[in-house]
Amino acid sequence: MNRISLYSLKLSVIAFAVTLFFSCESNFKQIQQINFSEFMPTGIADTVNLKYTDSGKVKAILISSKMLDYGTVKYPFTEFPEGIDLTLYEANGKKSYVVSDYAITFKGTEIIDLRGNVKMTTQDGQFMETEQLFYDQKNEWFFTEKKFKFTDPIKGFTTGEGIDFSKDFKRINFQKVYSEINEAE
């Protein structure tokens, strides 16, 4: 009788363990789903028109058809997947215009990363185009390591790789350049 009761006890323990295993598997899958976090924006905006002011003066206007805000991730950022149209205002009232196919800004850095068909035009007719351009909002400074073409209606055009400049194009630093300069008549 001891053998039969010992066998019954073993069988009961095995049945209990199998039941426990299958019930835990179901709970484990639920726990995995709870801990799985999708990379989703915390905010989505369509047809955005942002105005940046400082001391009551408009410094910039950013227009975009879509904005995605990822403010709760480890390194928060704002993305403009359908591009931007940016107008920058100088102290003297002149404007510069920047367009790109895509833009992203990381919170805390004050740098905008513009990508894809980036074009910048000043009110004076100066024009710059590249595939990627960074804008440091705090220092009002642009820079890229990519190929670029810079056109001045009076001085001609310059092409090269790598350029950084002030938003009014008054200070420009070229890296590798190839130029064509119009001679004064």
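A brief look at the structure comes next. (Residues numbered from 1 in each chain as written. Predicted model: local features only at pLDDT ≥ 70, side-chain atom pairs only at ≥ 80, totals over all residues. Heavy atoms only, no water.)

Structural notes on the overall build of the protein
Along the protein, the regular secondary structure elements total one helix and 11 strands. Reading the protein from its N end, one meets helices and strands in the order α-β-β-β-β-β-β-β-β-β-β-β. Out of the 185 residues in the protein, the part that is buried amounts to 30%. When contacts within the protein are restricted to residue pairs at least 6 apart in sequence, long-range pairs at least 24 apart make up 34% of them. Accessible area of the protein: about 12900 Å², with a carbon and sulfur share of 56%. (Helix = DSSP H or I, 4+ residues; strand = E, 2+ residues; numbered from the N terminus. Buried < 20%, exposed > 50% of the residue type's maximum accessible area, 1.4 Å probe, protein only. Contact = heavy atoms within 4.5 Å. Areas by Shrake-Rupley, 256 points an atom, 1.4 Å probe, with all protein chains shown as cover.)

Some words on the nonpolar core
Counting residues in hydrophobic clusters, the biggest one holds 23 residues, and the most contacted among them are Val98, Leu114, Met128, Phe142 and Phe165. For this core, the secondary structure elements donating two or more residues are β2 (57-70), β4 (84-89), β7 (111-122), β8 (127-136), β9 (141-152) and β10 (156-166). Counting residues in each nonpolar core, the second largest holds five residues, with Leu68, Phe77, Tyr102 and Ile104 among its members. (Core = buried A, V, L, I, M, F, W, Y, C linked by side-chain atoms within 4.5 Å.)

Some points on the pairing of β8
Here β7 pairs with β8 via nine bridges, running antiparallel. Opposite Asp113, over in β8, you have Phe134 as the bridge partner. Taking the residues that link successive antiparallel strands as the turn, the β7-β8 hairpin has four residues, and the phi of Gly125 there is positive, at about 95°. The loop that links β8 with its antiparallel partner β9 comprises four residues; one of these, Glu140, has a positive phi angle of about 50°. (Pairing = 2+ DSSP bridges.)

Some remarks on the layout of surface pockets
Estimates place the volume of the largest pocket at around 500 Å³. Along the walls of the largest pocket sit 25 residues, with Tyr52, Ala60, Ile112, Tyr135 and Gln137 positioned nearest its centre. Among the secondary structure elements, those contributing two or more residues to the lining of the largest pocket are β1 (43-54), β2, β3 (77-80), β4 and β6 (102-106). If one sorts the elements of the lining of the largest pocket by residue count, β2 sits on top with five residues. Partitioned by chemical class, the residues of the lining of the largest pocket number 12 nonpolar, five polar and eight charged. (1 Å grid on protein atoms, 1.4 Å probe; cavity = no way out; pocket = protein on both sides within 12 Å on 5 of 7 lines; lining within 4 Å. Points joined across faces, edges and corners; volume = space filled by probe spheres on them. Nonpolar A, V, L, I, M, F, W, Y, C, P; charged D, E, K, R; others polar.)

Observations regarding the pattern of salt bridges
If you walk through the whole model with that rule in mind, you get five salt bridges. A salt bridge links Lys94 to Asp124; its shortest N-O distance comes to 3.2 Å. In this pair, Lys94 is assigned in the loop between β4 and β5 (95-100) and Asp124 in the loop between β7 and β8, connecting sequence segments 30 residues apart. In this structure Asp124 comes out as partly exposed when scored by relative accessible area, which is 47%. Salt-bridge contacts for Asp113 lead to Arg115; the nearest nitrogen and oxygen are separated by 2.7 Å. (Salt bridge = Lys/Arg side-chain N within 4 Å of Asp/Glu carboxyl O.)

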